[in-house]
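As a plain string of letters, each chain reads:
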Amino acid sequence: MINLGIIGCGAIGTDVAKAADGMDDIKKIYLFDSNPIAAKNLCSIVKKAAIQPVAVFLKDVDVVFEAASQQAVNQYAEMVLKAGKDLILMSIGSLFDDTLRKKLEDIARTQHRKIYLPSGAVCGIDGVIAASIEKLDSVTLVTTKPPASLGKSVEERTVIFKGNARDAVKLFPRNINVAACLSLAGIGFDETTVEIVADPVETRINHKILAHGRFGRLRAEVENMPNPNNPQSSYMASLSAIATLRRVLDPLQIA
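Residues numbered from 1 in each chain as written. Predicted model: local features only at pLDDT ≥ 70, side-chain atom pairs only at ≥ 80, totals over all residues. Heavy atoms only, no water.

Interaxial distance between helix α1 (residues 11–21) and helix α9 (residues 235–249) falls to 9 Å at its minimum, and their mutual angle equals 40 degrees. Put simply, α1 runs oblique to α9. For the element pair α1 and α9, the recorded crossing hand is right-handed. Within the contact between the two elements, α1 uses Ala11, Ile12, Asp15, Val16, Ala19 and Ala20 and α9 uses Tyr235, Ala237, Ser238, Ala241, Ile242 and Leu245. Along the lines of polarity and charge, the residues of the contact of α1 with α9 split into 10 nonpolar, one polar and one charged. (Axes fitted to C-alpha atoms, helices over the stretch in contact; angles between N-to-C directions. Helix = DSSP H or I, 4+ residues; strand = E, 2+ residues; numbered from the N terminus. Parallel < 35°, antiparallel > 145°, perpendicular 65-115°, else oblique. Left-handed = near helix turned anticlockwise from the far one by under 90°. Contact = heavy atoms within 4.5 Å. Nonpolar A, V, L, I, M, F, W, Y, C, P; charged D, E, K, R; others polar.)

Strand order in the open sheet made by the five strands is β8-β9-β7-β10-β11, with mixed pairing throughout. Each edge of the sheet is formed by a strand with only one pairing partner; in this case those strands are β8 (158–164) and β11 (216–224). Between one strand and the next, the sheet's axes are offset by a mean angle of 10 degrees, whatever the strand orientation. Bridge count between strand β7 (residues 136–145) and strand β9 (residues 193–198): six bridges; the pairing is parallel. The partner of Thr144 across the bridge, within β9, is Val197. (Pairing = 2+ DSSP bridges.)

Counting 53 residues, the largest nonpolar core has Ile7, Phe57, Val64, Leu141, Ile176, Val194 and Ile209 as the members making the most contacts within it. Discounting residues that sit within four places of it in the chain, Val194 has contacts with Leu141, Phe161, Lys162, Gly163, Asn164, Ala165, Ala168, Ile176 and Ala179. The next biggest cluster of nonpolar side chains, apart from the first, holds 27 residues, and it includes Ile29, Leu42, Ala49 and Ile242. (Core = buried A, V, L, I, M, F, W, Y, C linked by side-chain atoms within 4.5 Å. Buried < 20%, exposed > 50% of the residue type's maximum accessible area, 1.4 Å probe, protein only.)

Before going further, it helps to examine a nonpolar patch on the surface. On the surface, a cluster of nonpolar side chains totalling about 270 Å² of accessible area is made up of Met225, Tyr235 and Leu239. Along the polypeptide, Met225 turns up in the loop between β11 and β12 (226–227). (Patch = residues over 30% accessible without salt bridge, like charges linked within 9 Å, V, L, I, M, F, W, Y side chains within 5 Å. Areas by Shrake-Rupley, 256 points an atom, 1.4 Å probe, with all protein chains shown as cover. Salt bridge = Lys/Arg side-chain N within 4 Å of Asp/Glu carboxyl O.)

Distances and angles like these do not, on their own, reveal function.
If you want it as structure tokens, here you go:
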């Protein structure tokens, strides 16, 4: 059995904590949020939970799950890894910072720890990883969301961003973590193309991956329902996070 630490008690952190509460392999769940009310509210509905600062719960946990922000990754990721704990990151966009990413990789390697990056709200990441073993010529992500999900107000289908993934995650740190995951799986932040579309007709969040290379062509598309507790996030992102936590626990791995 293991103990789990959770940084961030918003929609995804809540979904993961509630799922972890029902997992026999998890004994205790420690919660932290920069908003104490959020942590208190979640603690009241999770039987195994207690609230503690990250620096305090690190001595008792085996795995830390982050679902807070890029700022939280900058603040806590190094601390978690140096404490010898595995880390699951949802704010993958923080890794566009090459210096930070290399530092975390080096610490994890030295400490013999793992940094897990859930695929989030997209499908096809496994195919991109496999295809990248050979030459990948191009990788494109087209994300279409209801305007409210992007904090926009438009009356017709509007492309609000087109460029590389590095710029996308800088400009939309809470909306396009999938671009960061795709970049790390494939040809990098500067070569991955991202198009973000606000469409008032859409009621779901659509992600489409297009890849071309020596392996052939890949096209993967998923239409996600918004998380009922946070319309800016896909519910699939929470499910992916829970699946990653189960992967950490499960001796049987599907690669």
